[in-house]
Amino acid sequence: MPDNKRSRVGKNKSVKSKKQKQKVSTNLKANAVKGRQKEVVDLPAFLKEFDALLNKGIFDKPQQMLDNLTGLKKWQRLNLQSIIEYKKDNQGLAEDLMKQALREPDCKPGINRNLAGMLIHQGRMREALPIAQEAYEKNPKDVKAAQLYLNCLLDLGKADLVIEESNKILKDFPDNKVILVSRASALRSSMNEAAARKELDILIEKFPDEPVVHRIKADLLGDKNTIEALPYYEKAIELSIEKKGRPDPAIQWNMSLHLLRARQLEKGWECWEQGFHPIVGTMGRNLPNRITDMPRADNGKLIDKNKWTIVCAEQGIGDQILFMHSMNEAIEELGKVLYITEQRMYPIIKRSFPKMEVGSQGVTYDWTRNSLEKNGYIPLGSIPRRHRKTVDSYKKHRVPFLRANKELYHKYREKLKALAKGKPVIGVSWKGGYWQIQRKTKELELKNWEPIFKRDALYVNLQYGDLTEEIKYLKQNNHNLVFFPELDFKVHLDDWVAIAGACDGIISISTALVHFAGAIGQKVAVVMPGEQGPWHLGLEDNESMAYKNVKIYRPTQKESLDQLIKRVSMLIT
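Residues numbered from 1 in each chain as written. Predicted model: local features only at pLDDT ≥ 70, side-chain atom pairs only at ≥ 80, totals over all residues. Heavy atoms only, no water.

Participant: Can you explain the environment of Ile506? Please cite residues and give values.
Facilitator: Checked against the element boundaries, Ile506 lands in strand β7 (residues 505-508). Through-space distance from the C-alpha of Ile506 to that of Ile572 is 10.0 Å; in sequence the pair is 66 residues apart. Aside from chain neighbours lying at most four places away, what touches Ile506 is Gly427, Leu462, Ala500, Leu513, Ala517, Gln522, Lys523, Val524 and Ala525. (Helix = DSSP H or I, 4+ residues; strand = E, 2+ residues; numbered from the N terminus. Contact = heavy atoms within 4.5 Å.)

Here is the structure:
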């Protein structure tokens, strides 16, 4: 099936869609009666001609053929009609017809497979999963259904189940390339590095011209070494161009953060844009349909500063702050900007960027219905490619761009200074989203921080999340960190940022705290425990390219983690 072409949904289209459904329904009912009097045709020959015409973009003849075809069951007629509508790019109607066919008691599982395939092409993996699973379970010998099922499982992070099911499927289809690739991808995702590496080397030898195999090998290498991974990505891109005439968006997306980490920023940002492609699925850049149904303001058009442009937050809160590094420049460029963010971020953004309007997510429900003149929308993660194409463009603008709440800052500053009694006030955070979700390395557990806690300072907890076990450890070891139990740092961001600003400095792994603290100008020591971290820390950087007072501490080749922590602890004087 072709790639999904997103269309704008409006009142006229809704009316047209209803009329299309009524017309198709009328035709189906009429032909069910008329068909009894018509001549029965050779169905395989019919389908061959039917498909050939549709693939040429000819629709009237296939419709006439279907209208005159006799001997079909209702689900078969609905299915063939859905194929016509899909080829005509009436995807909503095609989906509705398939769902009608599935309600027929004698419907074959091939319709589940077809519907799952259409949803997957639209990036609707969660909706496709139960439909693909039913198609596979009803007919385990349908290798296409099996492939779609594994595709959904992979996209939704169910690697262990992919390995289990692919082993079953390979008993019947031992040389199926898609199944083998799915298993290799799942081995990599489940962090079984040795098995994944062995399997991928075999697959590269067996399928040297398959782009996806080279991409997965690059993904595996990229977990630890971006420089080793990039040639495999380049090879995968080259092969995809040879096969399809254009770069594979999924390969470009997976490559994007490695390009950014290697400081190939301009190319990296262009590949980052592929995160919205349907083939990337839920692992890409996701915005609600009410946003993506609007036109993109930056899609090769001249942006009118007198019209409104919506900028929509995406990704985690730390990435949002990093993406806002050039927001003041964007406001000057775009003119009238409405920034859409979640409620907990609202006061910080509103205070920090007074020249733009800030709204909560609910604003967009009525946005398309008001009379304001608009350019369209720009995702927040697409702002940097307009102004941050080089490392120098970051470093030239390393000035604070977030403002802490002054009242809260003074409140917490006075409290911490009184508790410190002349000692330095050090904020600490030891685990965060990158290390937990990506699982690249072990978190820096509190026991690793003993060299830091032994220094003579007042330590302030800036760690968010459930800290039950950590609090037990601290009490057992007589470490008296300052806690704010009345605050949930995931919710009370204004207080969190004010407390961070009220410290004399912060020691943290790479987490959202680094971005917020760095953006208000606070001094931060980022401890890098693994081979490589988030892209914004680069490969060998010892200071942040985005935040002037953020320094990066990595273990040298001869340095253990304990030795690294001891070196960082000496910063406290």
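Next, the rest of the story.
Participant: Before we move on, could you go through the sheet that holds strand β5 (residues 425-429) and cite the residues and values that matter?
Facilitator: Judged by pairing direction, the sheet is parallel, and its five strands sit side by side in the order β6-β5-β7-β8-β9 without closing on themselves. Looking along the sheet, the strands with just one partner apiece sit at the ends: β6 (458-461) and β9 (550-553). Each strand of the sheet is rotated relative to its neighbour by a mean of 25°, with strand direction disregarded. Sheet topology note: the β5/β6 ladder contains four bridges and is parallel. Pairing of Val428 across the sheet is with Asn461, part of β6. The strands touched by helix α29 (residues 561-569) within the sheet are β7, β8 (524-527) and β9, with β8 carrying the most contacts at an inclination of about 175°. (Pairing = 2+ DSSP bridges. Axes fitted to C-alpha atoms, helices over the stretch in contact; angles between N-to-C directions.)

Participant: Before we move on, can you summarise the pairing of strand β4 (residues 374-379) with the specific residues and values?
Facilitator: Counting buried residues along β4, five of its six residues qualify, which places the element largely inside the surrounding structure. Alignment of strand β1 (residues 308-312) against β4, held across five bridges, turns out to be parallel. Among the inter-strand pairings, Trp308 is bridged to a residue of β4, identified as Lys374. (Buried < 20%, exposed > 50% of the residue type's maximum accessible area, 1.4 Å probe, protein only.)

Participant: Requested: an account of the packing of aromatic side chains, with residues and values cited.
Facilitator: Taken as a whole and assessed by the stated rule, the structure comprises twelve aromatic pairs. Look at Trp253 and Trp272: their rings are 4.8 Å apart centre to centre, the planes differ by 35°, and that puts the pair in the tilted class. Of this pair, Trp253 sits in helix α14 (residues 249-261) while Trp272 sits in helix α15 (residues 265-272), placing them 19 residues apart in sequence. Of the residues examined, Trp253 reaches a relative accessible area of 12% and is grouped as buried. Relative accessible area serves as the criterion here: at 5%, Trp272 is assigned to the buried category. (Phe/Tyr/Trp six-rings, centres within 6.5 Å; stacked < 30°, edge-to-face > 60°.)

Participant: So what about the sheet that holds β1? Which residues, and what values?
Facilitator: Pairing between the strands of a sheet is mediated by backbone hydrogen bonds and can be parallel or antiparallel. Here four strands make up an open sheet; going across it, the order is β3-β2-β1-β4 and the pairing parallel. Looking along the sheet, the strands with just one partner apiece sit at the ends: β3 (357-360) and β4. The mean angle between the axes of side-by-side strands here comes to 25°, regardless of whether they run parallel or antiparallel. Where strand β2 (residues 337-341) lies against β3, four bridges are found, and the strand directions are parallel. What sits directly across from Ile340, in β3, is Gly359.

Participant: How would you sum up the pattern of salt bridges? Please name residues and give values.
Facilitator: Evaluated as defined, the whole model comprises 42 salt bridges. Lys217 is paired through a salt bridge with Asp201; the nearest N and O atoms lie 2.6 Å apart. Remark: Asp201 occurs in helix α11 (residues 193-206) and Lys217 occurs in helix α12 (residues 211-222); sequence separation between them is 16 residues. Looking at Asp201, the relative accessible area reads 38%, which means it is partly exposed. Arg215 serves as the salt-bridge partner of Asp219, at 3.2 Å between the closest nitrogen and oxygen. (Salt bridge = Lys/Arg side-chain N within 4 Å of Asp/Glu carboxyl O.)

Participant: Give me the pairing of β1: which residues, what numbers.
Facilitator: Among the five residues that make up β1, five are buried, leaving the element largely enclosed by the rest of the structure. Residue alternation in β1 divides its side chains into two sets, Trp308, Ile310 and Cys312 and Thr309 and Val311, and both sets are buried. Across four bridges, β1 lies against β2 in parallel orientation. Directly across from Thr309, in β2, lies its bridge partner Val337.

Participant: Please set out α14 residue by residue, giving values where relevant.
Facilitator: The terminal C-alpha atoms of α14, which comprises 13 residues, lie 19 Å apart, in line with the 18 Å expected from a rise of 1.5 Å per residue. Remark: the principal bend of α14, roughly 35°, maps to Met255. Burial of α14 is extensive: eleven of the 13 residues sit out of reach of the surface. Listing the buried residues of α14 in full gives Pro249, Ala250, Ile251, Gln252, Trp253, Met255, Ser256, His258, Leu259, Leu260 and Arg261. Regarding α14, its N-cap is Asp248, as a side-chain oxygen of that residue lies 2.7 Å from the backbone nitrogen of Ala250 further along. Where α14 ends, the next residue or the one after it, Arg263, has phi of about 70°, a positive value. (Expected span 1.5 Å × (residues − 1). Bend = angle between axes of the 7 residues up to and from the residue. Polar contact = N/O pair within 3.5 Å; in protein donor to acceptor, adjacent residues only side chain to side chain.)

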